[in-house]
Amino acid sequence: MADRFVTVSLDKRDVHCTARLLDDRAPLTCAAVWEALPLSGDVYHAKYARNEIYALFPPFASTEPPLENPTVTPIPGDLCYFSFTGAELGTKAYGYDREVRPGTTVVDLALFYERNNLLLNGDVGWVPGIVWGQVTDGLDAMAEACNDLWRTGAAGETLSFRRA
């Protein structure tokens, strides 16, 4: 199979990067994401994981991917997939501007843009993610925009994933 790529963008800031799908390491996750593209949603900056931005989506896979190519220490440029139940994200401590209800599932697609990340949540413990992509171009500009998002706020910003 030929390499497949996605464009990850912060739309309001007009910045993007390109990532290669890791079909050889996370084939089921890559297939699910690829078939669901394009995806866009409100961006959030992580509270616990450190140097991460992400968007939340309704489930889009016919079957949730297994924990393939897992990590709890993502590196700069990793794209990760997480699946949470509404009860896991329903606490007010997370600060979401919409109701996340028990009995629902939420998919979190994330970009890690800098070093020293640890997927350890004080509420639930270790939160392994599936590494399904790796940024190959544009990470420096994206990291600068992500840091700006952390410092100046995410309100009104959209994180988008599209086929490149």
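Residues numbered from 1 in each chain as written. Predicted model: local features only at pLDDT ≥ 70, side-chain atom pairs only at ≥ 80, totals over all residues. Heavy atoms only, no water.

Undergrad: Help me understand the overall build of the protein chain in this model?
TA: Of the regular secondary structure elements, the protein chain holds three helices and 11 strands. Listing every helix and strand of the protein chain by position from the N terminus yields β-β-α-β-β-β-β-α-β-β-β-β-α-β. Here the protein chain, with 164 residues, has 49% of them falling under the buried criterion. In the form shown here, the protein chain has an accessible surface area of approximately 8,300 Å², with 50% of it arising from carbon and sulfur atoms. (Helix = DSSP H or I, 4+ residues; strand = E, 2+ residues; numbered from the N terminus. Buried < 20%, exposed > 50% of the residue type's maximum accessible area, 1.4 Å probe, protein only. Areas by Shrake-Rupley, 256 points an atom, 1.4 Å probe, with all protein chains shown as cover.)

Undergrad: Where do I start with unusual backbone geometry in this structure?
TA: Both trends apply: most residues other than glycine have a negative phi, and most peptide bonds are in trans. Residue Pro38 follows Leu37 across a cis peptide bond; omega there is 5 degrees. Along the chain, Pro38 falls in the loop between α1 (27–36) and β3 (39–45). One non-glycine residue, Asp14, lies in the positive phi region at around 55 degrees. Position of Asp14 among the secondary structure elements: in the loop between β1 (5–10) and β2 (15–21). Classification of Asp14 by relative accessible area gives exposed; the value is 69%. We note that Arg50 has phi near 100 degrees; this positive angle belongs to a residue other than glycine.

Undergrad: Where do I start with the pairing of β3 in this structure?
TA: Looking along a regular strand, one sees side chains alternate from face to face of the sheet. Counted residue by residue, β3 has five buried out of seven residues, so it is predominantly covered. Two elements, β3 and strand β11 (residues 158–163), share four bridges in a ladder whose sense is antiparallel. The partner of Leu39 across the bridge, within β11, is Phe161. What sits between β3 and strand β4 (residues 52–57) in their antiparallel hairpin is a turn of six residues, with Arg50 showing a positive phi close to 100 degrees. (Pairing = 2+ DSSP bridges.)

Undergrad: Would you mind showing me how to read the packing of aromatic side chains here?
TA: To describe a pair of aromatic rings, one takes the distance between the centres and the angle between the planes. All chains considered together, the criterion is met by four aromatic pairs. Aromatic side chains Phe82 and Phe84 sit 6.0 Å apart centroid to centroid with 10 degrees between the ring planes, which places their arrangement in the stacked category. Its relative accessible area of 5% is what places Phe82 among the buried residues. On the basis of relative accessibility, which here comes to 14%, the residue Phe84 falls in the buried class. A ring pair is formed by Trp132 and Phe161, whose centres lie 6.2 Å apart and whose planes are at 50 degrees; its orientation type is tilted. (Phe/Tyr/Trp six-rings, centres within 6.5 Å; stacked < 30°, edge-to-face > 60°.)

Undergrad: Explain helix α3 (residues 139–152) here, please?
TA: Residue pairs three or four apart in sequence face the same way in an α-helix, which turns once every 3.6 residues. Compared with the 20 Å implied by 1.5 Å per residue over 14 residues, the 19 Å span of α3 between its first and last C-alpha is a close match. Of all the positions in α3, only Leu139, Met142, Ala143, Ala145, Cys146 and Leu149 are classed as buried. Seen end-on, α3 carries its buried residues on one side only, within an arc spanning 165 degrees. Those residues of α3 that are exposed and aimed more than 90 degrees away from the buried face are Asp140, Glu144, Arg151 and Thr152. Turning to α3, the residues buried within the fold contact β1, β2, β3, β4, β7 (105–112) and β10 (129–137). At the exit of α3 stands Gly153, carrying a positive phi of roughly 110 degrees. (Expected span 1.5 Å × (residues − 1). Arc of directions from axis to C-beta. Contact = heavy atoms within 4.5 Å.)

Undergrad: Which parts of the structure should I look at to understand a nonpolar patch on the surface?
TA: Together, Leu118, Leu120 and Trp126 make up an exposed nonpolar region whose accessible area comes to about 300 Å². Residue placement: Leu120 occurs in strand β8 (residues 120–121). The class for Leu120 is partly exposed, based on a relative accessible area of 39%. (Patch = residues over 30% accessible without salt bridge, like charges linked within 9 Å, V, L, I, M, F, W, Y side chains within 5 Å. Salt bridge = Lys/Arg side-chain N within 4 Å of Asp/Glu carboxyl O.)

Undergrad: In this structure, what is going on with the pairing of β7? I would like to understand it.
TA: Counting buried residues in β7 gives seven out of eight residues, a clear majority hidden from the surface. Sheet topology note: the β4/β7 ladder contains six bridges and is antiparallel. Opposite Ala55, over in β7, you have Leu109 as the bridge partner.

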